Amino acid sequence: MKTRYTGKTIAEAVATGLQALNKQPEQVEYQVIVTPKKGFLGIGRRDAVITMTVKEEPTPTPKPEPTPAPDPAKVATPEAGPTQASVEPPISSARQQRDQAFRELGYYLADITKQMGITTTINVTPGSHVVRYDFTTPTEGLLIGKHGKVINSLQLLAQVFLDKHLRHHVRVELNVADYRQRRAETLERLAKRVARNAIAQGESQYLDPMPSFERKVIHGALAHNDHVKTYSRGREPYRSVVVEPVHR
């Protein structure tokens, strides 16, 4: 069943749909019905509209019946000859496939930001385990969004796109104006402040929901603090960090 969702941007509409359905990106499919428009002085502005459906669970394939072992007495023994090893695909071919997927993802991101009314250039830094896309734009705040909501939604869409085009997992990271570095520093300061509150009050402190890569920053910042322990609770996309004092 298709359900409509709206947002100021396509990424925001998708994020709203994922939250409403409580699904991961790989569990849904969406189609853009109305592209957003900024308008002039608020006149003529329109929100993005998408339809989203939950993918059907694949039907399990029945296991084949076991084949009885052949009678050794009836099997002819072949003459000795050279053994032919299985040929693995050349490394260059796999690398070309990976680089092609990175390029297609760049075009995909450029198309989305264009539909959002954002003029930007994208620089890609490929890697075996992480691929980074750095955006340069005069409207940085629009691309980042409040508390990083827009760029995090774009990163989520980019990860789904790449996972569909590559057999092995490569993590996608989107950045603009060193936002990731500045956000990490903010989260580290937040972690230390919350830890002090937990120790002083003797009670667990609950942080707002955040994506997994931001929760890792909190866990890492307090990993060597012997007075508190951290863990995550809840379900995505509402999973959050709990900072709990250690009672001695």
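Residues numbered from 1 in each chain as written. Predicted model: local features only at pLDDT ≥ 70, side-chain atom pairs only at ≥ 80, totals over all residues. Heavy atoms only, no water.

As annotated in an unreviewed UniProt entry, the protein carries the name RNA-binding protein KhpB and comes from Ligilactobacillus saerimneri 30a.

We now examine the packing of helix α5 (residues 179–201) against helix α6 (residues 212–221). Look at α5 against α6: their axes get within 9 Å of each other, and the N-to-C directions meet at 45°. Considering their axes alone, α5 and α6 lie oblique with respect to each other. Considering how the two elements wind past one another, α5 and α6 form a crossing that is right-handed. In this structure, α5 contributes Y179, R180, R183, A184, L187, E188 and A191 to the contact, and α6 contributes F213, E214, V217, I218 and A221. Tallied by class, residues from the contact of α5 with α6 come to eight nonpolar, no polar and four charged. (Axes fitted to C-alpha atoms, helices over the stretch in contact; angles between N-to-C directions. Helix = DSSP H or I, 4+ residues; strand = E, 2+ residues; numbered from the N terminus. Parallel < 35°, antiparallel > 145°, perpendicular 65-115°, else oblique. Left-handed = near helix turned anticlockwise from the far one by under 90°. Contact = heavy atoms within 4.5 Å. Nonpolar A, V, L, I, M, F, W, Y, C, P; charged D, E, K, R; others polar.)

Let's shift gears to the nonpolar core. Among the nonpolar cores identified, the biggest contains 35 residues, and L105, Y133, L162, V172 and L174 are the most heavily contacted of them. Of all the secondary structure elements, the ones that give two or more residues to this core are α1 (10–21), β3 (48–54), α2 (91–115), β5 (130–136), α3 (140–144), α4 (149–165) and β6 (171–176). Broken down by element, the residue count for this core peaks at seven residues, all from α4. Each of domain 1 (2–54) and domain 2 (92–177) contributes no fewer than three residues to this core. In this structure, V172 is in contact with L105, V131, Y133, Q155, A158, Q159 and L162, ignoring residues within four places of it in sequence. In this structure, L207, M210, I218 and V241 belong to the second largest nonpolar core, which totals 12 residues. (Core = buried A, V, L, I, M, F, W, Y, C linked by side-chain atoms within 4.5 Å. Buried < 20%, exposed > 50% of the residue type's maximum accessible area, 1.4 Å probe, protein only. Domains from an automatic or database assignment.)

Next up on the list: a positive patch on the surface. Judged by side-chain charge, R189, K192, R193 and R196 come together as a positively charged surface patch. Following the sequence through the fold, R193 ends up in helix α5. What makes R193 partly exposed here is its relative accessible area of 42%. (Patch = residues over 30% accessible without salt bridge, like charges linked within 9 Å, V, L, I, M, F, W, Y side chains within 5 Å. Areas by Shrake-Rupley, 256 points an atom, 1.4 Å probe, with all protein chains shown as cover. Salt bridge = Lys/Arg side-chain N within 4 Å of Asp/Glu carboxyl O. Lys, Arg positive; Asp, Glu negative; His and termini not counted. Charge placed at Lys NZ, Arg CZ, Asp CG, Glu CD.)

For the rest of this paragraph, the subject is the pattern of salt bridges. Counting across every chain of the model gives six salt bridges. We note a salt bridge from D99 to R98, for which the minimum N-O separation is 3.3 Å. In this structure D99 comes out as partly exposed when scored by relative accessible area, which is 25%. The partner of E244 in a salt bridge is K229, and the shortest N-O contact between them spans 3.5 Å. Here K229 lies in strand β8 (residues 228–233) and E244 lies in strand β9 (residues 240–245), a separation of 15 residues in the sequence. A relative accessible area of 43% means that K229 is categorised as partly exposed.

Moving on, we get to the confidence of the model for the protein. Detailed conclusions should not be drawn from predicted coordinates in areas where pLDDT is low. With 81% of its residues at a pLDDT of 70 or more, the protein shows a mean pLDDT of 83. Counted against residues more than four places away or in other chains, residues 72–89, with its pLDDT under 50, gives one contact. (pLDDT = per-residue confidence, 0-100.)

So, on to the packing of aromatic side chains. Per the counting criterion, the structure on display carries one aromatic pair. Look at Y108 and F161: their rings are 4.6 Å apart centre to centre, the planes differ by 20°, and that puts the pair in the stacked class. Here F161 lies in helix α4 and Y108 lies in helix α2, a separation of 53 residues in the sequence. A relative accessible area of 22% places Y108 in the partly exposed class. Since its relative accessible area comes to 15%, F161 is described here as buried. (Phe/Tyr/Trp six-rings, centres within 6.5 Å; stacked < 30°, edge-to-face > 60°.)

With that out of the way, let us pick up the packing of α1 against α4. Running from N to C, α1 and α4 cross one another at 75°; their axes reach a closest spacing of 9 Å. With respect to α4, the axis of α1 lies roughly perpendicular. Residue-level contacts link A11, E12, V14, A15 and L18 of α1 to K149, V150, S153, L154, L156 and L157 of α4. Its residues assigned to classes, the contact of α1 with α4 comprises eight nonpolar, one polar and two charged.

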